[in-house]
Amino acid sequence: MPSVPNVKLNNGKEMPLVGFGLWKVNNDTCADTVYNAIKVGYRLFDGACDYGNEKESGEGVARAIKDGLVKREELFIVSKLWNSFHDKEQVKPICKKQLADWGVDYFDLYVIHFPIALKYVDPKVRYPPSWQDADGKITPSKAPIQDTYAAMEELYDDGLIKAIGISNFNGALILDLERYCKHVPQALQIEHHPYLVQKDLVELCKSRGIAVTAYSSFGPQSFVELDMASAKSTELLFDNKTVKEIAEKHKKSPAQVLLRWATQREVAVIPKSNNKDRLAANLDVSRYPS
Ligand SMILES: NC(=O)C1=CN([C@@H]2O[C@H](COP(=O)(O)OP(=O)(O)OC[C@H]3O[C@@H](n4cnc5c(N)ncnc54)[C@H](OP(=O)(O)O)[C@@H]3O)[C@@H](O)[C@H]2O)C=CC1
Ligand SMILES: O=C1CO[C@H](CO)[C@@H](O)[C@@H]1O
């Protein structure tokens, strides 16, 4: 089983450098996929309420713990606060619902999914949430990001979450956050791959001790299954000449080269796969420079 190194967070906790992404993991196979991922060595799971599979992910985790594959404290469970729950009084209730769905009493990392506040939609009316409100429109909320962040800090101080994350924030928003936060965030999650290198943002985070996690490490490939135009108009990174040459030279797959490209830059990765073999191969990329 490949051993995955950890990244040290600025609060002394550790986060695996390679984890498993749960967006677009099919509901009917999700519990088995998570169980199998734990079996082959994954310890970090990256979920979110809008992925609509937190209960199934929790079922996979519970089964793995019951079968003695892993203990809760060996796992690193990540979830995210959706845009429609930014109002400060909504943050704790939704986090508690998500914890109950996963069947755990804390998240290792809870992330503000986007710096975008949308109108509240009662989870009893519609869940999982999406970009649209109950009328099918995208409607902003006035919740200031300072209030949302303060509510995240309260979750942290209450022990419901062991680290605070932000996602899709740029450098300016991070500098702004530094002016009002009590706890500097432990992690930032961003789109990151050879078409979107984000050099300055990664360096800014390093200088602040904020760990960076890449999403969509395979670039446009993620959008192939959504049939999106961006996936059709751009050369897939798996077909890129340089990526292919490096893969051949090192007897690795293009996917492994892309993941290793990130981990060599000390950026964590969370590839998603609904396929057992690809899921296992994606974990075997983590050799880390000392
Ligand atoms: N914070 C945020 O806003 C966002 C966070 N995320 C997180 O990041 C995770 C990863 O990003 P995601 O966008 O899902 O995309 P990925 O970069 O992980 O790509 C997933 C795609 O690549 C395919 N794939 C996976 N492994 C291989 C392989 N070894 N060889 C060939 N193809 C492969 C998958 O197909 P198949 O399943 O058939 O293998 C799927 O089509 C998400 O699951 C989610 O947890 C993602 C987007 C935004
Ligand atoms: O994390 C996610 C993946 O990206 C999507 C947007 O393209 C988001 O809606 C989703 O929350």
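That block above? That's the structure.
Definitions and limits used
Residues numbered from 1 in each chain as written. Chains lettered and ligands numbered in written order. Predicted model: local features only at pLDDT ≥ 70, side-chain atom pairs only at ≥ 80, totals over all residues. Heavy atoms only, no water. Helix = DSSP H or I, 4+ residues; strand = E, 2+ residues; numbered from the N terminus. Expected span 1.5 Å × (residues − 1). Buried < 20%, exposed > 50% of the residue type's maximum accessible area, 1.4 Å probe, protein only. Contact = heavy atoms within 4.5 Å. Near = heavy atom within 4 Å. Polar contact = N/O pair within 3.5 Å; in protein donor to acceptor, adjacent residues only side chain to side chain. Areas by Shrake-Rupley, 256 points an atom, 1.4 Å probe, with all protein chains shown as cover. Nonpolar A, V, L, I, M, F, W, Y, C, P; charged D, E, K, R; others polar. Pairing = 2+ DSSP bridges. Right-handed = clockwise from strand over helix to strand, strands pointing away.

Colleague: Where do I start with helix α1 (residues 27-40) in this structure?
Modeller: Because each turn of an α-helix spans 3.6 residues, side chains separated by three or four positions end up pointing in the same direction. Under the 1.5 Å per step criterion, the end-to-end length of α1 is 20 Å for 14 residues, consistent within 8% with the ideal 20 Å. Every buried residue belonging to α1 is among Cys30, Ala31, Thr33, Val34, Tyr35, Asn36, Ala37 and Ile38, and all of these are buried. Looking at the buried residues of α1, the elements they touch are β3 (20-21), β4 (44-46), α2 (54-66) and α11 (276-283). Remark: Gly41 follows α1 within two positions and exhibits a positive phi of approximately 125 degrees.

Colleague: Explanation requested: the site of ligand 2 in the structure shown.
Modeller: Inspection of the region around ligand 2 gives Trp23, Asp50, Tyr51, Trp82, His113 and Trp131 as its neighbouring residues. A distance of 2.7 Å separates an oxygen atom of ligand 2 from a polar side-chain atom of Tyr51. Protein coverage of the free-state accessible area of ligand 2, which is 290 Å², stands at 73%. Of the residues assigned to the shell around ligand 2, the class counts are four nonpolar, one polar and one charged.

Colleague: I'm lost on the site of ligand 1 in this one. Help?
Modeller: Contacts to ligand 1 come from 28 residues, most closely from Asp46, Ser222, Lys272, Ser273 and Asn274. Backbone polar atom of Leu22 to an oxygen atom of ligand 1: 3.3 Å apart, as the coordinates give it. Out of a free accessible area of 900 Å², ligand 1 has 89% covered by protein chains. When residues of the shell around ligand 1 are traced back to their parent elements, those giving at least two are α7 (221-224) and α11. In the shell around ligand 1, the residues fall into ten nonpolar, twelve polar and six charged.

Colleague: Please explain the pairing of strand β8 (residues 187-191) as it appears in this structure.
Modeller: Remember that side chains alternate between the two faces of the sheet whenever the strand is regular. For β8, the tally of buried residues reaches four of five residues, placing the bulk of the element in the interior. Sheet topology places strand β7 (residues 164-167) next to β8; three bridges connect them, and they run parallel. Pairing of Gly165 across the sheet is with Ala187, part of β8. Between β7 and its parallel partner β8, the chain crosses via helix α5 (residues 171-180), and the hand of that crossover is right-handed. When β8 meets strand β9 (residues 211-215), the two strands line up parallel, connected through five bridges. The residue bridging Ile190 from the neighbouring strand is Ala214, located in β9.

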